[in-house]
Structures are given as C-alpha cells and as structure tokens.
Amino acid sequence: MEGRVRGLEYVTAMTRVLVIEDDAAIGRLLRHSLTEAGNTVAVATDGTSGLTLAVQEQPDVVLLDLGLPDLDGRQVLRMLRAVSRVPVIVVTAQDDDRTVVEALDAGADDYLVKPFGGEQLAARIRAVLRRAGTPGADRVVRLGGLEVDPAARQVRLDGSPIELARKEFDLLWLLASRPGEVVTKREMLAEVWGLPFGGGDRTVDVHLSWLRRKLGETAAAPRYLRTVRGVGMRLAPPAED
Ligand code: CA
C-alpha cells in the first residue's frame, strides 16, 4: 500500500513483513504488534508455505523461526537465499552461539532470541531495512517548507533548523514517513513509545502539542499537523490558498 501526496518528493510504503512461525500464539502476537505498528503482515506456519509466500508476496523483511515442523529454519534460509535477497531476521529460542552463527552463515541478516519485546523487534526491522537500502527507508522527506532528515535526525522549517527532543523527532518522522496518511494514536504509542497495546494517550497529546509549538502552529490554526478527530493525526503540506 502506498500513500501519495501532491508536491511530495517520494512515496513511502508500509513495510510488508512475512512471519514464518509455527507457534500460533507467537504468530498472533507478532501479527498484532506488527500490524499495530503500521506494517502489513503475512504469517506462514511451516517452512514450505513460508518459502512460497516469500516468493509470491515479495515481502520487505522476513522473520524466520528456526524451529519449524517441516524443515529446519537454516534449510529454509538457504533455499530462500537461492531465490531472494530479502532481509531475514532469524527468531530463535536457542541462544547458543553455534545456532546463531550457523543462521548468520546461512544468510540471516540479524537474529532475535525469544522472548523479545515489540520495541526491539521494530528497531531490528528498521535496522535491516536501512542496511538493505530499501528505497525510502532513510530518505529526506520534504513537505512544503518542512524538511525531515531521518539519517541526520534533523528538521528544517522554511530553511531554518528546528531543535526537537528525541520523542518529538520520532513522532514527526513517523508522520513524515507516511505523508498524508492518518496515523492513529495507538500506532504512535507502538512505534515511538514501544507500547503496542495503548495506555498513554495523554503522553501522545502532550508531545503532539510540543511538536506543534515547535512547528510554529496551533491546534486552532494548523499548518502541517492535521488532527483527524477521534482517529489520529496526519502530516500534510499547508493548504495552498
Ligand atoms: Ca517453532
């Protein structure tokens, strides 16, 4: 899926994640937290269907459990590497060095040892996408007079730099990476604060109002930050009039 906005320098896309995991509970949890964070998720419950989906769906990143019912995860990885360069994060219950080394040798880009949190997972996905040079993952976004540079973590408004606190920047980048699209407060909590199950609406509101002030606008007279009542916020260039 893509969000297109007039006058925008590039088009961003949601990350498509393929999860290959036979444990139904973990599969559901991953699907939930990844979807909440704004990704598109497909789940395969064995290695064979995982390989099929990897070819058919062309995901941006694969999360691969090493213990699968039909094939060994390292075998899946070698077969996948024969047909695709998609970034693969291996998910393993075994944290012994040898398993991890074998997975990396078989072509994994990174690994996670169970259990792991949603925030760590999101960070690992961002990192492998960045290293893979996925278009748009690390590009400067320009919307009207607003310029957001995720690599340098710098923001300029009408040519002048703006100082943002860490969470303010993360929040702005989340909105800027999906220009024109409504981002829900739950997505903001999941992506910026690592709270995929909500519980911090007030925090989001406070940071949004700080961000607004730094962008030189108010809720009554918005320019870039458009409140979508009861849903969330979207970032768009100021209305031309
Ligand atoms: Ca398993």
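Values in this document were obtained by computation on a predicted structure and should not be read as measured data.

Caption draft 1: Inspection of the domain arrangement of the protein at higher detail. Domain boundaries in the protein define domain 1 (9–131) and domain 2 (141–240). Between domain 1 and domain 2, the C-alpha centre-to-centre distance is 29 Å. The interface of domain 1 with domain 2 comprises 11 residues on the first partner and 14 residues on the second. Carbon and sulfur atoms make up 51% of the surface buried where domain 1 meets domain 2, a total of about 1,200 Å² over both sides. Counting every contact that joins domain 1 to domain 2 gives one salt bridge. If you look at where domain 1 meets domain 2, you find one residue pair in polar contact (both at pLDDT 80 or more).

Caption draft 2: The arrangement of the pairing of strand β4 (residues 40–44) in detail. Relative to β4, strand β3 (residues 16–20) is paired through five bridges, and the arrangement is parallel. Each residue of the ladder has a partner; that of Arg16, found in β4, is Thr40. Read as a crossover between parallel neighbours, the route from β3 over helix α1 (residues 24–36) to β4 is right-handed.

Caption draft 3: Representation of the coordination of the calcium ion. Protein-derived coordination of the calcium ion comes from Asp22 (OD), Asp65 (OD) and Gly67 (O), at a distance range of 2.2 to 2.4 Å. The sequence motif formed by the donor residues of the calcium ion is D-x42-D-x1-G. One end of the pair, Asp22, is in the loop between β3 and α1; the other, Gly67, is in the loop between β5 (61–65) and α3 (73–83), with 45 residues separating them in the sequence.

Caption draft 4: Expanded view of the sheet that holds strand β14 (residues 232–235). Spatially, the three strands line up as an open sheet ordered β12-β14-β13, and their pairing is antiparallel. One side of each edge strand has no neighbouring strand; the edge strands of this open sheet are β12 (183–184) and β13 (225–228). In the sheet, β13 pairs with β14 via four bridges, with the strands oriented antiparallel. The residue bridging Leu225 from the neighbouring strand is Leu235, located in β14. Seen against the sheet, helix α8 (residues 201–214) touches β13 and β14 and runs at an angle of roughly 145 degrees to β13.

Parameters and conventions
- Residues numbered from 1 in each chain as written.
- Predicted model: local features only at pLDDT ≥ 70, side-chain atom pairs only at ≥ 80, totals over all residues.
- Heavy atoms only, no water.
- Domains from an automatic or database assignment.
- Contact = heavy atoms within 4.5 Å.
- Buried area = accessible area lost by both parts, 1.4 Å probe.
- Salt bridge = Lys/Arg side-chain N within 4 Å of Asp/Glu carboxyl O.
- Polar contact = N/O pair within 3.5 Å; in protein donor to acceptor, adjacent residues only side chain to side chain.
- Pairing = 2+ DSSP bridges.
- Helix = DSSP H or I, 4+ residues; strand = E, 2+ residues; numbered from the N terminus.
- Right-handed = clockwise from strand over helix to strand, strands pointing away.
- Donors = N, O, S within 2.8 Å, 3.2 Å for Na, K, Ca; no water.
- Axes fitted to C-alpha atoms, helices over the stretch in contact; angles between N-to-C directions.

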